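Descriptive structure summary
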Amino acid sequence: TPKQPIPGSEPDIAGKTFDYIVVGGGLTGLTVANRLSEGSRQSVLVLENGYLVDDVSTQVPSYANSLNKALMYNITSAPNVNIGGQAKPVWVGNVVGGGSVVNGMAFDRASSADYDAWEQLGNRGWGWNGLLPYFKKSTTFTPPSTENVKAWGTTYDASYYGTNGPIQASFPPFDYPDITTIWAAYKSEGVPLPKEHASGNAVGAYWIPTALQPKTETRSDARNGYYDPVKSRSNLILATGKTVNEVLFDRGLLTGYTAKGVQYVSRKDNSVAQVYASKEVILAAGAVFTPQLLQLSGFGPKDVLSAAGVQVKQDRPAIGANMQDHPNANMQFDLKNLATPNPFSGQDPAFNASAWAQYYANRTGPITQAHGSSLAFLSLQTVSEKYESIVANIKSQNARTYLPAVYADSKLLAGFIKQRDIIADLHSRTDAAVAEFPMVAFGLAIGALQRPLSRGTVTLNSSNKYGMPVVQWNTFQNPIDRQILVEMVRWLRQHWARPELNKFQPVETVPGTGETDDEIIEALIQTKALEASFAHMSGSCSMMPEAYGGVVGSDLLMYGVKRLSIVDGSIIPLVPATHLQATMYAVAEKAADIIKGRNSIPTIPSIFNAFNFFA
Ligand SMILES: Cc1cc2nc3c(=O)[nH]c(=O)nc-3n(C[C@H](O)[C@H](O)[C@H](O)COP(=O)(O)OP(=O)(O)OC[C@H]3O[C@@H](n4cnc5c(N)ncnc54)[C@H](O)[C@@H]3O)c2cc1C
């Protein structure tokens, strides 16, 4: 059971002014705060809703195999008619470190094509080449041990990783024996086997590191990587248990809206206070709460704001649109003859006790493992013989048909059409993945769709604007997403019928039935095996040109206002085919450089500034 959170000290911040205010002390917020407070010249305040939590559930890798609900928000999505009216949990960390403290610890990247797509969407400098230095800067890589390589055949190329970044990427000194059999099936299947997925070629079956501190075999996260080592800096203040509920603006006749600070509620006593930023307010509240905060502040679709009783400052349909994730089918196979140990061995109290004793004695054994180190990300060509017709259908669809109502906005629609063209291209290629199949040593066979065409929304709750926002993924609104997921189910069925896996005598139990597309989807719905999310919410305040429905530009400044930037998962314009954390560390590192760069320019005398001569 997690220990009670530590409220920490209550810094005296109310009414004060800082150079930067960072809203959200999660993965990206702590990364940016660390870098901006380097050199002790700039003051940085981080306001985080959660608390500092130190306990076994946040540190020991095997805990990452279950959901740490105590440290997450309690949110359920809106019901979705396309998945049988089901509402799904929305997983977001509510703790200092955010998602990095509760996530599954998988530490991987997408292919270069996924990031180059961001640049193609009009974001100069945000392609693979622009991000690679920041992937490196954020990370320290420790290669797998010689024994590990010998036992499992782990491959890697250290040159694509960093050597002294705050986040530790390493390999647990353990895997289950059956993983070798699972790998044998992939190898004989003829899928690509890249030596190192982090090279920009992340298509095929490959080994990935875990966000894991190799000396202690404990979680490496934004809290212990980016905050703890610098928390004594006098110019960096973290205030926990603070819920920011409004960005405050000055409004000048000629200058428009300029962010000047934020308002927050202290969870301890419900008191309300304001703090001010002289340089920038930086939003890092994540893809669910950043759009909510902007809408609470008067920026968003005007019907949504009005319905919730928020005065509209700017009608901005794009804020809360373009939301993406990785919807997935959780198939299950009953497997016989699992080797020992296997992921169920921990149910035996004696085995469990010895595993913990081994972990405490020498940091080895099953407790060191989170979700494992083996993944398969495959292209559409590998997954489906119908790939050509699927791509043709994407191109010939009327783009507006399968989008939420807010896409009546012509800019949002233009952005979607541009994204759709890129998706069609990536779906037709072999150097970008469309499907993830995590490799595990038991019968859970997940297929996660990597580049959906359906678009979700995050909007204020009209009956309680300060309550949890309405998250609607609109999973499968676009029938092509559904079709590809069905093809992935078929691919998994063929995979489990392979001779290399015969020893398990696999019997599909979930969904267990279904031959046609409709039958498969219906069976997945009935068995509650369809999930809307891989906890990879992104895109809800996208970085794109304004003409494409972007909310921030490639400088991360929000359009239409001044001194307000966004650095979290909401800026991802097109969700990449990967788990998100390594990407978000790189994004936040790059964001910090951009923000530092623009604020080190000598200040223009205010008289000129007021008239916007140099803007
Ligand atoms: C259960 C789970 C499993 C995951 N598994 C993996 C994985 O295995 N590998 C991987 O690569 N990625 C994984 N991820 C995804 C990854 O952790 C996220 O993409 C990443 O944390 C996003 O970073 P962020 O900074 O955008 O948001 P977050 O890390 O979520 O940070 C946002 C922070 O803002 C705070 N906040 C929100 N609203 C307010 C407000 N109004 N006022 C003050 N503070 C606020 C939140 O409490 C939170 O701490 C997982 C995520 C989850 C939740």
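Residues numbered from 1 in each chain as written. Predicted model: local features only at pLDDT ≥ 70, side-chain atom pairs only at ≥ 80, totals over all residues. Heavy atoms only, no water.

Our next topic: the pattern of salt bridges. Applying the stated criterion to the full structure yields 26 salt bridges. The salt bridge involving K88 is made with E531; its shortest N-O contact spans 3.8 Å. Within this pair, whereas K88 is found in the loop between α2 (56-59) and α3 (99-102), its partner E531 is found in strand β21 (residues 530-531), the two being separated by 443 residues in sequence. A salt bridge links R490 to D517, with the shortest nitrogen-to-oxygen separation between them at 2.8 Å. Of the two residues, R490 sits in helix α15 (residues 479-496) while D517 sits in helix α16 (residues 517-526), which places them 27 residues apart along the sequence. By relative accessible area, which is 23% here, R490 ends up partly exposed. Look at D517 and you get partly exposed, because its relative accessible area is 23%. (Salt bridge = Lys/Arg side-chain N within 4 Å of Asp/Glu carboxyl O. Helix = DSSP H or I, 4+ residues; strand = E, 2+ residues; numbered from the N terminus. Buried < 20%, exposed > 50% of the residue type's maximum accessible area, 1.4 Å probe, protein only.)

Moving on, we come to the sheet that holds strand β3 (residues 139-141). Strand order in this open sheet of four strands is β3-β4-β6-β7, and the pairing throughout is mixed. The strands lining the two open edges of the sheet, one partner per strand, are β3 and β7 (218-219). Sheet topology places strand β4 (residues 167-170) next to strand β6 (residues 210-213); two bridges connect them, and they run antiparallel. Note that in β6 the partner of A169 across the bridge is A211. (Pairing = 2+ DSSP bridges.)

Another point: the packing of aromatic side chains. The final tally for this structure, using the stated rule, is 26 aromatic pairs. Note on W183 and W207: the rings are 4.9 Å apart at their centroids and 10 degrees apart in plane angle, and the pair reads as stacked. Of this pair, W183 sits in helix α7 (residues 179-189) while W207 sits in strand β5 (residues 204-207); the two residues are 24 residues apart in sequence, bridging distant segments of the chain. By the burial criterion, W183 is buried, and W207 matches it. Ring centres 5.6 Å apart and planes at 35 degrees place the aromatic pair W356 and Y360 in the tilted group. Note that W356 and Y360 are positioned in helix α11 (residues 349-362) at a spacing of four residues, about one turn of the helix. The class of Y360 is exposed, set by a relative accessible area of 54%. (Phe/Tyr/Trp six-rings, centres within 6.5 Å; stacked < 30°, edge-to-face > 60°.)

A few words now on the packing of helix α13 (residues 387-396) against α15. At a closest axis distance of 11 Å, the pairing of α13 and α15 adopts a crossing angle of 170 degrees. Taken together, α13 and α15 sit at an angle that is classed as roughly antiparallel. Residues I390, N393 and I394 of α13 form the contact with α15, whose participating residues are I480, Q483 and I484. The residue inventory of the contact of α13 with α15, partitioned by class, reads four nonpolar, two polar and no charged. (Axes fitted to C-alpha atoms, helices over the stretch in contact; angles between N-to-C directions. Parallel < 35°, antiparallel > 145°, perpendicular 65-115°, else oblique. Contact = heavy atoms within 4.5 Å. Nonpolar A, V, L, I, M, F, W, Y, C, P; charged D, E, K, R; others polar.)

It is worth spelling out the pairing of strand β15 (residues 374-378) at this point. Of all the five residues making up β15, five are buried; the element is thus mostly covered by neighbouring parts of the structure. Pairing between β5 and β15: four bridges, direction antiparallel. Each bridged residue has a counterpart across the sheet, and for W207 the counterpart in β15 is S374. Relative to strand β16 (residues 435-438), β15 runs antiparallel, the two sharing four bridges. Bridge pairing in β16 links L378 to A435.

Moving on to the site of the ligand. Neighbouring the ligand are 37 residues; T28, E48, Y73, G99 and Q581 lie closest to it. Contact between the ligand and E48: an oxygen atom at 2.6 Å from a side-chain N or O atom of the residue. A distance of 3.4 Å separates an oxygen atom of the ligand from a polar backbone atom of G93. For the ligand, the accessible surface in isolation is 1,000 Å², of which the surrounding protein chains cover 94%. Mapped onto the shell around the ligand, the elements with two or more residues apiece are α1 (27-36), α3, β9 (242-252) and α9 (286-296). Its residues placed into classes, the shell around the ligand shows 17 nonpolar, 17 polar and three charged. (Near = heavy atom within 4 Å. Polar contact = N/O pair within 3.5 Å; in protein donor to acceptor, adjacent residues only side chain to side chain. Areas by Shrake-Rupley, 256 points an atom, 1.4 Å probe, with all protein chains shown as cover.)

Our focus in this paragraph is the confidence of the model for the protein chain. With 96% of its residues at a pLDDT of at least 70, the protein chain reaches an overall mean of 95. In the model, residues 1-5 has pLDDT below 50 throughout and makes nine contacts with residues more than four positions away in sequence or in other chains. Here residues 601-615 is modelled with pLDDT under 50, and outside its nearest four sequence neighbours on either side it reaches 10 contacts, counting other chains as well. (pLDDT = per-residue confidence, 0-100.)

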